[in-house]
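Take a look at the letters that make up each chain.
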Amino acid sequence: AQTVTQSQPEMSVQEAETVTLSCTYDTSENNYYLFWYKQPPSRQMILVIRQEAYKQQNATENRFSVNFQKAAKSFSLKISDSQLGDTAMYFCAWSRGGATNKLIFGTGTLLAVQP
Amino acid sequence: AAGVIQSPRHLIKEKRETATLKCYPIPRHDTVYWYQQGPGQDPQFLISFYEKMQSDKGSIPDRFSAQQFSDYHSELNMSSLELGDSALYFCASKLRGADTQYFGPGTRLTVL
């Protein structure tokens, strides 16, 4: 069975600094996708970034980038120039490629950005 | 851009009552997913639908049922509610050929 592990329950970063959130996963599939979702205090689930497993190039979205290491089954999220609005729970998630791709989530990392 | 709509946003029920949660996907999205997020937990997959057919099933109790209608909206029916059913229920939608699910704001269910 596929599993997603986030080993950092909580992290803190100063405003304008850079922080990296860790995620590892276990799967025997070859076709899959990886995601980072953000859940702020409003509890809305917001897509931050996605990565296709067959692409070697790391995905980037403005201040957010990933370090995807397929052989190591690692998928970390780097947030540059942290802002107060980045304070949220961050969930790493995995889904199989194809039509019925339910998401399997990690347990989340609570990130606090300090002024 | 239009987002996933869920109603109601908040719901309070007594034990053993029933509840119906509704989800209206993003226009043209034909696939719907339901997730349950308990307090301090990650979302857990319940069930999914494509073209009115159940496409996958997760840890959904037998007391729960769901369906998708011809306009692609979906309803999650919950009967004999228990205290442990108190949670945030998310609906997510996507196009069948796509890989990214977009989440609604969730329905917060409280069972007293």
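Thresholds, definitions, all that
Just so you know, the residues in each chain are numbered from 1, in the order the chain's sequence is written. Whichever chain is written first becomes A and whichever ligand is written first becomes 1, with later ones labelled in order. Given that this is a predicted model, residues contribute local features only at a pLDDT of at least 70 and side-chain atom pairs are listed and counted only at 80 or more, while totals for whole chains, interfaces and linings are drawn from all residues. Note: side-chain values were computed over all heavy atoms of the structure, leaving out hydrogens and water. The contact definition used throughout considers only heavy atoms, calling two residues in contact when any of these lie within 4.5 Å. Buried area, as used here, totals the accessible surface that two parts lose on assembly, with accessibility defined by a 1.4 Å probe and the loss added over both. In the sections that follow, a salt bridge refers to a side-chain nitrogen of Lys or Arg positioned within 4 Å of a carboxyl oxygen of Asp or Glu. Nitrogen and oxygen atoms within 3.5 Å of one another constitute a polar contact, given that in protein one can donate a hydrogen and the other can accept it, and given that sequence-neighbouring residues count only through two side-chain atoms. Per the convention used, a helix needs a DSSP run of H or I reaching at least four residues, while a strand needs a run of E reaching at least two, with both numbered from the N terminus. Three classes are used: nonpolar for Ala, Val, Leu, Ile, Met, Phe, Trp, Tyr, Cys and Pro, charged for Asp, Glu, Lys and Arg, and polar for all others, with Gly counted as polar. Between buried and exposed lies partly exposed: a residue is buried under 20% and exposed over 50% of the maximum accessible area for its type, with that area taken using a 1.4 Å probe on protein chains only. Strand pairing requires that DSSP identify at least two bridges connecting the strands.

1. Regarding the interface of chain B and chain A
- With 22 residues of chain B at the interface, the matching set in chain A holds 21 residues.
- With both chains or domains summed, chain B and chain A bury close to 1,800 Å², and 52% of this area falls on carbon and sulfur atoms.
- Considering only the surface of chain B that becomes buried against chain A, Asp 42, Asp 99 and Phe 103 of chain B emerge as the three largest contributors, covering 30% of it.
- The tally of links between chain B and chain A comes to 1 salt bridge.
- Across the pair Asp 99 of chain B and Arg 50 of chain A runs a salt bridge, and its minimum N-O distance is 2.6 Å.
- Where chain B meets chain A, there are 11 residue pairs in polar contact (both at pLDDT 80 or more).
- Only strand S4 (31-37), strand S6 (53-57), strand S9 (87-94) and strand S10 (102-103) of chain B provide two or more residues apiece to the side of chain B that touches chain A.
- Residue composition of the side of chain B that touches chain A, grouped by class: 10 nonpolar, 6 polar and 6 charged.

2. What about the pairing of strand S9 (residues 74-79) of chain A?
Residue and element names in this part refer to chain A.
- Burial runs high along S9: 5 of the 6 residues are buried.
- Two strands pair when backbone bridges link them, and strand S3 (residues 19-21) and S9 are joined in this way by 3 bridges, in the antiparallel orientation. Bridged to Val 19 within S9 is Ile 79.
- Examined bridge by bridge, strand S8 (residues 64-69) and S9 share 6 bridges and lie antiparallel to one another. Bridge assignment links Phe 64 to a residue of S9, and that residue is Ile 79.

Interpretation in functional terms is not warranted from these geometric data alone.
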